Amino acid sequence: QVQLVESGGGLVQPGGSLRLSCAASGSIFSFYGTGWYRQAPGKQRELVAIINSGGGTNYADSVKGRFTVSRDNAKNTVYLQMNSLEPEDTAVYYCYAQVRAVGGFPHDYWGQGTQVTVSS
């Protein structure tokens, strides 16, 4: 009923930039908190950045000052601008959103994941 579709991953050299996008589609009534998590090989999934419906943000210490999360409520889309990328940022990045579908209750949704590889 509600899907999150991510785009923008890829291979980038250290120090480079990437922009991830995640669009929610379906019968959406409200688009609440949203953001990004990541999972590197052999590690647990961790929070990268989240943004609430009022625009308040929270970042992992490891990405503060380098990554910026933003949202376009009219498009039910969340973005992650990643600058000064480091090899340690290599992971599968997952979009997250709490969405209330038409006629439903708020529910957590996840995207399919997009690979980000930082390597020379």
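That block above? That's the structure.
Residues numbered from 1 in each chain as written. Predicted model: local features only at pLDDT ≥ 70, side-chain atom pairs only at ≥ 80, totals over all residues. Heavy atoms only, no water.

### Overview of the overall build of the protein
Consideration 1: Secondary structure assignment for the protein yields zero helices and eleven strands.
Consideration 2: Reading the protein from its N end, one meets helices and strands in the order β-β-β-β-β-β-β-β-β-β-β.
Consideration 3: Principal-axis analysis of the C-alpha atoms gives the protein an extent of 50 × 25 × 25 Å.
Consideration 4: Here the protein, with 120 residues, has 42% of them falling under the buried criterion.
Consideration 5: Expressed as a percentage of contacts within the protein between residues at least 6 apart in sequence, the contacts between residues at least 24 apart total 56%.
Consideration 6: About 6,300 Å² of surface is accessible on the protein, with carbon and sulfur atoms providing 47% of the total.
Consideration 7: A distance of 6 Å separates the average location of the 9 positive side-chain charges in the protein from that of its 8 negative side-chain charges. (Helix = DSSP H or I, 4+ residues; strand = E, 2+ residues; numbered from the N terminus. Buried < 20%, exposed > 50% of the residue type's maximum accessible area, 1.4 Å probe, protein only. Contact = heavy atoms within 4.5 Å. Areas by Shrake-Rupley, 256 points an atom, 1.4 Å probe, with all protein chains shown as cover. Lys, Arg positive; Asp, Glu negative; His and termini not counted. Charge placed at Lys NZ, Arg CZ, Asp CG, Glu CD.)

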